[in-house]
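# A look at the structure
Chain residues, written in single-letter form:
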Amino acid sequence: MKIGYFVPDRIEPNRDNQKTDIRIDFPEKVHFAHKGRYAFLRILHACSVKKVAVPAYLCESVVSVLKSTDIEIALFDIDEQDLNPSADALLLQLDLDPQIEAVLVPSLYGNPADLPRFEKIAKDRDLLLIDDAAQAYGAQIDGKTVGSFGDGGFVSFSPGKPTAWYAGSFFWCRRPIETVHRCRPLRNKIEYFDYCMNREITKWNYCSGRNQ
């Protein structure tokens, strides 16, 4: 398995001004959600999933949004080498719980999970695979971009992500997605203002040496 990565232009400015292409070529039509957790939820709803397996080490926001629904959660272990989901642990959990219909596979800290193996497990076990690329935008495995594996996937643009912005997520799914239009201008303006203020405060602390 060959893992590829990208280097932003600002790190290597003398590369003849060539642009680094870090697009994710989604297999299906791209949709927008306000946050990555909502993109994940919409994929599950589109696939009528009643029980999903998620790794035990995961962003709490993903688990909290699941708890607000009727979708059951099954936990499986992680690989201590890279903290990504363990394929072996998933197989054990599937043997214990045959009611699992889908699995979420996040690639943490920019380091891709073993998505080709998870894809094979999903195919062999008639399981839906959801590829969470919120923390690994631009990473590749054997020339295929993380976020495009399985039956659905998403990237997130919230603060702290490789593609940091104040909110937003792009996602895709092999099943039809119901279009949802929810205009929340006041909430969006507040989140954007908070994001900008935090950036300015961080920049001021850095320039003034307060972060040392």
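Scope of this entry: the structure provided in the associated data block. (Residues numbered from 1 in each chain as written. Predicted model: local features only at pLDDT ≥ 70, side-chain atom pairs only at ≥ 80, totals over all residues. Heavy atoms only, no water.)

## Some remarks on a nonpolar patch on the surface
Which entries qualify depends on this criterion: The patches described consist of residues with a relative accessible area above 30% and no salt bridge, like charges being joined within 9 Å and nonpolar side chains (Val, Leu, Ile, Met, Phe, Trp, Tyr) within 5 Å. Reported accessibility uses the Shrake-Rupley method at a 1.4 Å probe radius. Residues are deemed covered only where the shown protein chains occlude them. Salt bridge, as applied in this entry: a Lys or Arg side-chain nitrogen positioned within 4 Å of an Asp or Glu carboxyl oxygen. Here a strand is any run of E in DSSP of at least two residues, a helix any run of H or I of at least four, and the numbering for each starts at the N terminus.
Judged by side-chain polarity, Val30, Phe32 and Phe170 come together as a nonpolar surface patch covering roughly 280 Å² of accessible area. Looking at the secondary structure, you find phenylalanine 32 in strand S2 (residues 31–33).

## Description of the pairing of strand S6 (residues 128–132)
Selection rule: Classification of residues uses two cut-offs on accessible area relative to the type maximum, computed with a 1.4 Å probe and protein chains only: under 20% is buried, over 50% is exposed, and between them is partly exposed. Any two strands with at least two DSSP bridges between them are considered paired. Assignment of crossover handedness uses the view with strands pointing away from the viewer, where a clockwise path from the first strand over the helix to the second indicates a right-handed crossover.
Burial within S6 is extensive, with five of its five residues counted as buried. Side chains Leu128, Ile130 and Asp132 of S6 all project onto a buried face; the interleaved residues Leu129 and Asp131 project onto the opposite face, where all are buried too. Here strand S5 (residues 102–106) runs beside S6; their pairing, made up of five bridges, is parallel. Within S6, the residue paired with leucine 104 across the bridge is isoleucine 130. Once the chain exits S5 it traverses helix H4 (residues 115–124) before rejoining the sheet at S6, and the crossover so formed is right-handed. Pairing of S6 with strand S9 (residues 152–156), which is carried by three bridges, proceeds in the parallel orientation. Pairing of aspartate 131 across the sheet is with glycine 153, part of S9.

## Here we look at the packing of helix H3 (residues 87–96) against H4
Defined as follows: Fitted lines through C-alpha atoms give the axes, limited to the stretch in contact for helices. The angle between two N-to-C directions lies from 0 to 180 degrees. Oblique is the label for every angle not falling under 35 degrees (roughly parallel), over 145 degrees (roughly antiparallel), or within 65 to 115 degrees (roughly perpendicular). The sense of a crossing depends on the near helix, which, turned anticlockwise from the far helix by less than a right angle, makes the crossing left-handed and, turned clockwise, makes it right-handed. A contact between two residues is defined here by any heavy atoms of the two lying within 4.5 Å. For this classification, Asp, Glu, Lys and Arg are treated as charged, while Ala, Val, Leu, Ile, Met, Phe, Trp, Tyr, Cys and Pro are nonpolar and the rest, including Gly, are polar.
With their axes 10 Å apart at the nearest point, H3 and H4 run at an angle of 15 degrees to one another. Classified by the interaxial angle, the pair formed by H3 and H4 is roughly parallel. In terms of crossing hand, the pair formed by H3 and H4 is right-handed. The residues of H4 that touch H3, namely those facing Ala87, Asp88, Leu90, Leu91 and Leu94, are Arg117, Phe118 and Ile121. Tallied by class, residues from the contact of H3 with H4 come to six nonpolar, no polar and two charged.

## Regarding unusual backbone geometry
Residue tyrosine 109 is not a glycine yet carries a positive backbone phi of 60 degrees. Note on placement: tyrosine 109 falls in the loop between S5 and H4.

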